[in-house]
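# Coordinate inspection notes
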Amino acid sequence: MMYWYEDGPQGWMFVLMILVVVPLWVTAIIAIIAIGRSASTATAATTRLSPEALLAERFASGDVDESEYLHRRAVLCPTAAKPVGSVRVNH
C-alpha cells in the first residue's frame, strides 16, 4: 500500500495521534464524572423530610420535650386526632 510519504506512517503521525486522542479521552472521562456528581448532588438536595417527620426526629433525639412536641404537632396538623395516651418519660 502506498502512503503519502514513503512506505508507512511516520513517527510524527503517532505523536500527533497521541496528542489528540489522549486529551480527548481525558476530557470525556472528566465530563462523565462531572455529570454523575451533579446528578447525585441534585437528588440529594431535593430529598427532604416532611415537617412532621423532622419534628418526630427532633423529639426522638431529645431536642424538644414532650409538651413542645405535642404543641408543634398540633400546629402542623390541627385536624389530627389527639393520642389516646400520652407517652410519659420517667426522669
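To start, this report covers the structure provided alongside it. Quick caveat: nothing in here was measured; it's all calculated off a predicted structure. (Residues numbered from 1 in each chain as written. Predicted model: local features only at pLDDT ≥ 70, side-chain atom pairs only at ≥ 80, totals over all residues. Heavy atoms only, no water.)

## Brief notes about the overall build of the chain
Selection criterion: Secondary structure elements are defined from DSSP: runs of H or I of at least 4 residues count as helices, runs of E of at least 2 residues count as strands, and each element is numbered from the N terminus. Burial classification: accessible surface area is computed with a 1.4 Å probe over protein chains only, and a residue below 20% of its type maximum counts as buried, one above 50% as exposed, and the rest as partly exposed.
The secondary structure content of the chain amounts to 3 helices and 0 strands. Listing each helix as α and each strand as β along the chain from the N terminus yields α-α-α. Considering the chain as a whole, with its 91 residues, one finds that 5% of them fall into the buried category.

## Structural notes on the packing of aromatic side chains
Heads up, the rule is: Note on aromatic contacts: the rings of Phe and Tyr and the six-membered ring of Trp form a pair at centre separations within 6.5 Å, being stacked when their planes are under 30 degrees apart, edge-to-face when over 60 apart, and tilted otherwise.
Applying the stated criterion across every chain, the model contains 1 aromatic pair. Judged by centre distance (4.4 Å) and plane angle (20°), the ring pair of Phe59 and Tyr69 falls under stacked. With Phe59 in helix 2 (residues 51-61) and Tyr69 in helix 3 (residues 66-76), this pair connects stretches of sequence that are 10 residues apart. Tyr69 gets classed as buried once you look at its relative accessible area, which sits at 15%.

## Considering the packing of helix 2 against helix 3
Where we set the bar: Note on geometry: axes are lines fitted to C-alpha atoms, helical ones only across the stretch in contact, with angles between N-to-C directions running from 0 to 180 degrees. Relative orientations are named as follows: roughly parallel for angles under 35 degrees, roughly antiparallel for angles over 145 degrees, roughly perpendicular for angles from 65 to 115 degrees, and oblique for any other angle. Contacts: residue pairs with any heavy atoms within 4.5 Å of one another. Amino acids are sorted into nonpolar (Ala, Val, Leu, Ile, Met, Phe, Trp, Tyr, Cys and Pro), charged (Asp, Glu, Lys and Arg) and polar (every other residue, Gly among them).
Remark: helix 2 packs on helix 3, axes separated minimally by 10 Å, with the N-to-C direction vectors making an angle of 180°. The angle between helix 2 and helix 3 falls in the class roughly antiparallel. Between helix 2 and helix 3, the residues in contact are Pro51, Glu52, Leu55, Ala56, Arg58 and Phe59 and Glu66, Tyr69, Arg72, Arg73 and Leu76, respectively. The residue makeup of the contact of helix 2 with helix 3, split by class, is 6 nonpolar, no polar and 5 charged.

## Comments concerning the pattern of salt bridges
Here is the rule: One speaks of a salt bridge when a side-chain nitrogen belonging to Lys or Arg is within 4 Å of a carboxyl oxygen belonging to Asp or Glu.
With the rule as written, the count across this model stands at 1 salt bridge. Close ionic contact of Glu68 with Arg72 constitutes a salt bridge, the shortest N to O distance being 2.8 Å. Separated by 4 residues within a single helix, Glu68 and Arg72 lie in helix 3, roughly one turn from each other.

## Things to note about a nonpolar patch on the surface
What counts is decided by this rule: Patch membership needs two things, relative accessible area over 30% and no salt bridge, and members are linked within 9 Å if like-charged or within 5 Å if nonpolar (Val, Leu, Ile, Met, Phe, Trp, Tyr). What sets the accessible areas is the Shrake-Rupley method with a 1.4 Å probe; for residues, cover comes only from the shown protein chains.
A contiguous nonpolar surface patch, about 1000 Å² in accessible area, is contributed by Trp12, Met13, Phe14, Val15, Leu16, Met17, Leu19, Val20, Val21 and Trp25. Along the chain, the position of Val20 falls in helix 1 (residues 11-46).

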